[in-house]
Amino acid sequence: MSRRTSALLNLPGDYSRHSLKQDIVAGLTIFIMLVPQGMAYALLAGLPPVMGLYASTIPLIVYALFGSSRQLAVGPVAMASILIFSGVSFYAEPQSSEYITLVLLLTLMVGVMQFVLGAINAGALIKFISQNVINGFTSAVAITIGLSQLGNFFGIDMPSQNQLIPLLMSLFQNISNIHVPTTIIGVISLVVLMGLRKITKRLPLPLLVVVFSIFIVSFFRLDQAGVRIVGDVPKGFPGLSLPSLDISSMQVLLPTALTIALIAMMESLAITKTLTGKDSPPLNVNKELRAIGLSNIAGSLFSAYAVTGSFSRSAVNHRAGAISQVSMIVTAIGVALTLLFLTPLFYYLPQTVLAAIILSAVVGLINIPSLRYAFRVKPADGGVWIVTFAATLLIGIQWGLLIGVGVSLCILINRISYPHIVELGWDRKSRSYRDMQRFSKAKRVPQAILLRIDARIHFSNVSYVEKVIESKIYEAGKSINGPIDVVIDMGGVNDIDTMGIDTLERLIQKYKTHQDIQIWFVQLKGPVRDLLQRAGWHQRFPAVISYLSLDQFMKGRQQSVDYMI
């Protein structure tokens, strides 16, 4: 390929005809997988199934031109679909023209928001959403998605809900109305999708289930027996149109747009990190944001709803040998041809099969191992997982994520406000200073208090630091007769703000009048030394500063003490 084409599609330097063949095979594989999934996820989003196919064309091509990942497969996904449903169904009836108008506006908003975040290099915002919040949120959303599809799966009427209790109540109220033929088709489809997937990963199971179910329903005319089918799927490609820009609608959709934008950023980053190989270009979070944002902006102009990276399809794309985003262009072409020529074939597709495809896909999103790991390593992180999970199920999807982020930030602030400060003692065996609480054989140095601060000192924790130092001095004063050396090891302090400097100065001034108590700050790192120098410590308090390590400083102070022998 020409250099211009190679640069445009971010192709590897050694891209060849063999590489193109691999991309074509991978692209066709994803095409076979995406057609039924796209239709199923559109139904989950409360949209006509054909909009899932619209979302599998233009957005894929746009990402291929502007994205940095060579294996990321963008398109409709379960998470974005349920978020759209939960955010828009409050204001319009699903599948209505008003609902579709709002979804297209939401897609445009998501795209603009993602592009702007990428343009201002706001990808760093992702670090404020912990992995435990994402795992708890995703697991709860997977359960919500599964319950929301039981109406289509069993052939019963269930109201539009995205909370656990209303969904369960609706299911129990309508359980006597379960449609047997619909349920049989759904159960068989789910068993095939779940069971054979463990045996083989080569077969395009969703497509096989779709084809077989269409044949059964059309041959036996099960639609006349009450099996709900997709019905007419519009043929052809959608025209170019700008979503209706209504200010009041944009205001009510803003929280949903922000939620989808952040979740899409998290998912795409996680997928890209997983699939990045040795020869892959460096990951650029902000470029990814801009590319997915442009995909959604362009998609909203062609009746597509919000897309993001798909875990399952990206993994299949990678395993199928995809070398570049050429595979996604092949997929988009296949879907476009389907829209032009093959949509009448989906008339008899049972909705229960689409529900089974969704159920089989979301099972893998429930991440219980991450909960066990979090509780085993750090129970507070497990608590964040549980709170996010429960809030998402019981209160709502958008509130669940917000509550989870809020709780995790509160825990982070609490940790920052109470930094790790330890008292050190001399350990004869290792001939070093150790934490006296962790090492029982470490003994307090006579006539000395040795403290180590293992955190930055700033306005949110400096009062705690001051309180610990003063309490240690007070306790030592009751048991030690004579002068006391208070030596504070600053080796773990990388930064200190003005309030921290003022507080340490206050400590120095306070004990300067005590002839029996002398304070030193040792092992000061370069950035901290620079700050203290600008604060005038080298002129006002030169005696309390030492660049030596704690061990070197103590040797100089107490060479004659036998514990150092």
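The shown structure was predicted, so the numbers you read here are calculated from the model rather than taken from an experiment. Along every chain, residues carry numbers that run from 1 in the direction the sequence is written. Side-chain atom pairs in this predicted model are given and counted only at pLDDT of 80 or more, local residue features only at pLDDT of at least 70, and totals for whole chains, interfaces and linings cover all residues. Side-chain numbers come from the whole structure's heavy atoms, not from hydrogens or water.

### A word on helix H18 (residues 379-394)
So, point 1. For H18, which comprises 16 residues, the first-to-last C-alpha distance of 22 Å matches the rise-based estimate of 22 Å (1.5 Å per residue) to within 8%.
So, point 2. Each residue gets one of three labels from its accessible area relative to the maximum for its type: buried under 20%, exposed over 50%, partly exposed in between, using a 1.4 Å probe on protein chains only. Per the convention used, a helix needs a DSSP run of H or I reaching at least four residues, while a strand needs a run of E reaching at least two, with both numbered from the N terminus. Within the sequence span of H18, burial applies to Gly382, Val384, Trp385, Thr388, Phe389, Ala391, Thr392 and Leu393.
So, point 3. Should any heavy atoms of two residues lie within 4.5 Å, those residues are considered in contact. Against the buried residues of H18 lie helix H7 (131-148), helix H9 (164-174), helix H17 (368-377) and helix H19 (397-417).
So, point 4. At the exit of H18 stands Gly396, carrying a positive phi of roughly 150°. A helix is expected to reach a length of 1.5 Å times the quantity of its residues less one.

### Considerations on the sheet that holds strand E4 (residues 432-435)
So, point 1. Strands are treated as partners if at least two bridges between them are detected by DSSP. Ordered by their spatial adjacency, five strands build an open sheet running E4-E3-E5-E6-E7, and the pairing between neighbours is mixed. Each having just a single partner strand, E4 and strand E7 (517-522) make up the two edges of the open sheet. The sheet shows a mean angle of 30° between the axes of neighbouring strands, direction not considered.
So, point 2. For every element, the axis is a line fit to its C-alpha atoms; helices are fit only across the contacting stretch, and the angle between N-to-C directions ranges from 0 to 180 degrees. Contacting strand E3 (421-427), strand E5 (448-453), strand E6 (484-489) and E7, helix H20 (residues 462-479) runs over the sheet at an angle of about 160° to E5.

### Overview of the packing of aromatic side chains
So, point 1. Ring pairs are drawn from Phe, Tyr and Trp, using the six-membered ring of Trp, whenever the two centres fall within 6.5 Å, and their geometry is named by plane angle: stacked under 30 degrees, edge-to-face over 60, tilted for the rest. Under the defined criterion, the tally for this structure stands at twelve aromatic pairs.
So, point 2. Geometrically, the ring pair formed by Phe90 and Tyr91 is edge-to-face, given 6.5 Å between the ring centres and 65° between the ring planes.
So, point 3. Of the residues examined, Phe90 reaches a relative accessible area of 61% and is grouped as exposed.
So, point 4. With a relative accessible area of 40%, Tyr91 lands in the partly exposed category.
So, point 5. Considering the side-chain rings of Phe153 and Phe154, the 5.1 Å spacing of their centres and the 85° angle between planes classify their relative orientation as edge-to-face.
So, point 6. Relative accessible area serves as the criterion here: at 5%, Phe153 is assigned to the buried category.
So, point 7. Given a relative accessible area of 18%, Phe154 falls into the buried group.
So, point 8. Every member of this aromatic cluster is reached through a ring pair, and the members are Phe215, Phe219 and Phe220.

### Considering a nonpolar patch on the surface
So, point 1. A patch consists of residues exposed above 30% relative accessible area that lack any salt bridge, with like charges linked at up to 9 Å and nonpolar side chains (Val, Leu, Ile, Met, Phe, Trp, Tyr) linked at up to 5 Å. We get accessible surface area from the Shrake-Rupley algorithm with a probe of 1.4 Å; when it comes to residues, only the shown protein chains can shield them. Take a side-chain nitrogen of Lys or Arg and a carboxyl oxygen of Asp or Glu: if they are within 4 Å of each other, that pair is a salt bridge. On the surface, Phe237, Ile333, Leu337, Leu340, Phe341, Leu342 and Leu345 cluster together into a nonpolar patch covering about 660 Å² of accessible area.
So, point 2. Tracing the sequence through the fold places Leu342 in helix H15 (residues 326-342).
So, point 3. What makes Leu342 partly exposed here is its relative accessible area of 37%.

### Structural notes on helix H2 (residues 17-44)
So, point 1. For H2, with 28 residues, the first-to-last C-alpha span of 39 Å sits near the 40 Å given by 1.5 Å per residue.
So, point 2. Most pronounced at Leu34, the bend in H2 amounts to some 35°, and the proline Pro36 follows within four residues.
So, point 3. Positive phi appears at Gly46, one or two residues downstream of H2, with a value of about 80°. Note on bend: the value at a residue is the angle between axes fitted to the seven residues ending there and to the seven starting there.

### What about the pattern of salt bridges?
So, point 1. For the coordinates displayed, the defined rule picks out ten salt bridges.
So, point 2. For Glu466, the salt bridge is made with Arg506, and the minimal N-O distance between the two is 3.1 Å. With Glu466 in helix H20 and Arg506 in helix H21 (residues 498-512), this residue pair connects regions lying 40 residues apart in the sequence.
So, point 3. Linked by salt bridges that have partners in common, Glu423, Arg444 and Lys472 make up one network.

### Structural notes on the side chain of Ser324
So, point 1. Looking at the element boundaries, Ser324 is found in the loop between helix H14 (311-319) and H15.
So, point 2. Take Ser324: its relative accessible area is 0%, and that puts it in the buried class.
So, point 3. Apart from residues no more than four positions distant in its own chain, Ser324 is found in contact with Leu11, Pro12, Tyr15, Asp23 and Arg70.

### Structural notes on the environment of Ala390
So, point 1. If you trace the backbone, Ala390 turns up in helix H18.
So, point 2. With relative accessibility at 30%, the residue Ala390 sits in the partly exposed group.
So, point 3. With ten residues separating them along the chain, Ala390 and Gly400 place their C-alpha atoms 7.6 Å apart.

### Some thoughts on the pairing of E4
So, point 1. Bridge count between E3 and E4: four bridges; the pairing is antiparallel. If you follow Gly425 over to E4, its bridge partner there is Arg434.
So, point 2. Hairpin connection, E3 to E4: the antiparallel pair is bridged by four residues, and Arg431 has positive phi, about 50°.

### Considering the packing of helix H4 (residues 58-66) against H15
So, point 1. Relative to each other, H4 and H15 sit at 165°, their axes nearing to 8 Å. For the element pair H4 / H15, the angle class is roughly antiparallel. Between H4 and H15 lies a crossing whose hand is left-handed. Between H4, through Leu60, Ile61 and Ala64, and H15, the contact on the second element is made entirely by Met328, Ile329, Thr331 and Ala332. Oblique is the label for every angle not falling under 35 degrees (roughly parallel), over 145 degrees (roughly antiparallel), or within 65 to 115 degrees (roughly perpendicular). Left-handed describes a crossing whose near helix is turned anticlockwise from the far helix by less than a right angle; the clockwise case is right-handed.

### Details of the nonpolar core
So, point 1. Only buried residues count toward a nonpolar core, which is a set of Ala, Val, Leu, Ile, Met, Phe, Trp, Tyr and Cys residues joined through side-chain atoms within 4.5 Å. Leu47, Ile84, Tyr305 and Leu349 are the most contacted members of the largest nonpolar core, which totals 113 residues.
So, point 2. By size, the runner-up hydrophobic cluster in this structure holds 33 residues, among which are Ile469, Ala476, Ile496 and Phe541.

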